[in-house]
Amino acid sequence: MTGKTRENYNENYLNYVKTQNPPTDHFRNCLSAFGVGGLICCIGQFIRYMLGYIGLTGDELAGATSIVLIFLGCLLTGFGVYDRIGRHAGAGSIVPITGFANSVASPAIEFKTEGWIFGMAAKMFTVAGPIIVFGVFSGVIVGLIYLFI
C-alpha cells in the first residue's frame, strides 16, 4: 500500500468518525464535572462534620471519613449507580476518593464470574494498580527531595 493510499484511508476514516459522533460540549462537560466533584466533596465534608460531632478527632476522624466514603463508593458501584453518575460527571466522579473505590470495585464485580482467585482477586487492581504504583513512587521521590533539601 502506498503512502498516498494510506492517507486516503485515514482521511476517509476520520471523516466517517466525525459523521457518526455528535460534537462534544466541552463547557457543559467541565461544568458537570466541577459540580459533581464538588458535591461529592461536600458530602465528604458533611460526613466529616458528623463524625467529628460524635467525638472523633485527628487521624481517627480522617480515617473514618475516608472509610465511609470508600464504602459509599463501593456500594454505589455495586448497585450500578456510580457508573450512571460517571457517565454524566466524567472526571468529576473519578477524582475524589469515591472514584478510586469505584476503580477497584468495578473490575472485581466484572470478573467475579471467573472465580475468587483468578477472577476477582487477580483483576481487582487492573485499573487502580497503576495509580497505586505511581502514587507510591511519586511519594518516595517527593520524600527523598524533601529529605535532601
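Please read these numbers as outputs of a predicted model, since none were measured by experiment.

Q: Give a detailed account of the side chain of Thr77, specifying residues and quantitative values.
A: With respect to the helices and strands, the residue Thr77 is situated in helix H3 (residues 58–78). On the basis of relative accessibility, which here comes to 6%, the residue Thr77 falls in the buried class. Look past the residues within four positions of Thr77 in its chain and what remains in contact with it is Tyr82, Asn102, Ala105, Ser106 and Ile109.

Q: Account for the nonpolar core, naming residues and giving values.
A: Note on soluble globular proteins: their nonpolar side chains tend to be buried together. In this structure, Ile47, Leu51, Leu61, Ala64 and Leu69 together form the largest nonpolar core, which totals 5 residues. For this core, the secondary structure elements donating two or more residues are helix H2 (26–53) and H3. Among the elements that line this core, the one with the most residues is H3, at 3 residues. In contact with Leu61, not counting residues within four places along its chain, are Arg48, Leu51, Gly52 and Leu56.

Q: I'd like a description of the packing of helix H6 (residues 97–110) against helix H8 (residues 128–148), backed by residues and values.
A: Two numbers describe how H6 lies on H8: the axes approach to 9 Å, and their chain directions differ by 130 degrees. Relative to H8, H6 is oriented oblique. Contacts from Phe100, Ser103 and Val104 in H6 reach Ala128, Ile131 and Ile132 in H8. Each residue belonging to the contact of H6 with H8 can be placed in one class, and the counts come to 5 nonpolar, 1 polar and no charged.

Q: Please provide a residue-by-residue account of the environment of Gly99, values included.
A: Tracing the backbone shows Gly99 in helix H6. For Gly99, a relative accessible area of 8% gives the class buried. Sequence separation between Gly99 and Thr77 is 22 residues; the distance between their C-alpha atoms is 9.6 Å. Beyond its immediate sequence surroundings of up to four residues, Gly99 is in contact with Tyr82, Ser93 and Ile94.

Q: How would you sum up the side chain of Asn102? Please name residues and give values.
A: Turning to its location among the elements, Asn102 is positioned in helix H6. With sequence-adjacent residues up to four places away left out, Asn102 is seen in contact with Thr77, Tyr82, Asp83 and Pro107.

Q: Can you lay out H2 for me, pointing to particular residues and giving the numbers?
A: Between its first and last C-alpha atoms H2 spans 40 Å; for 28 residues at 1.5 Å apiece the expected length is 40 Å, and the two agree. Among the residues of H2, those classed as buried are Ala33, Gly37, Ile40, Gly44, Ile47 and Leu51. Two residues or fewer after H2 comes Gly55, characterised by a positive phi angle close to 115 degrees.

Q: Residues and numbers for the confidence of the model for the chain, please.
A: The predicted model of the chain averages 84 in pLDDT, with 95% of residues at 70 or higher. Ranking the helices and strands of the chain by mean pLDDT puts H2 first, with 92, and helix H7 (residues 116–123) last, with 72.

Q: I'd like a rundown of the state of the cysteines, residues and numbers included.
A: Summed over the entire model, instances satisfying the criterion amount to 0 disulfides. Cysteine Cys41 shares no disulfide, and the gap to the nearest cysteine sulfur, in Cys42, comes to 7.2 Å. On the basis of relative accessible area, Cys41 is assigned to the partly exposed category, the value being 48%.

Q: Let's hear about the environment of Met124: which residues, and what values?
A: Checked against the element boundaries, Met124 lands in the loop between H7 and H8. Placed 16 residues apart in sequence, Met124 and Ala108 show a C-alpha to C-alpha distance of 4.7 Å. The residues touching Met124, leaving out its near neighbours within four places in the chain, are Ser103, Val104, Pro107 and Ala108.

About the criteria used
Residues numbered from 1 in each chain as written. Predicted model: local features only at pLDDT ≥ 70, side-chain atom pairs only at ≥ 80, totals over all residues. Heavy atoms only, no water. Helix = DSSP H or I, 4+ residues; strand = E, 2+ residues; numbered from the N terminus. Buried < 20%, exposed > 50% of the residue type's maximum accessible area, 1.4 Å probe, protein only. Contact = heavy atoms within 4.5 Å. Core = buried A, V, L, I, M, F, W, Y, C linked by side-chain atoms within 4.5 Å. Axes fitted to C-alpha atoms, helices over the stretch in contact; angles between N-to-C directions. Parallel < 35°, antiparallel > 145°, perpendicular 65-115°, else oblique. Nonpolar A, V, L, I, M, F, W, Y, C, P; charged D, E, K, R; others polar. Expected span 1.5 Å × (residues − 1). pLDDT = per-residue confidence, 0-100. Disulfide = S-S within 2.5 Å.

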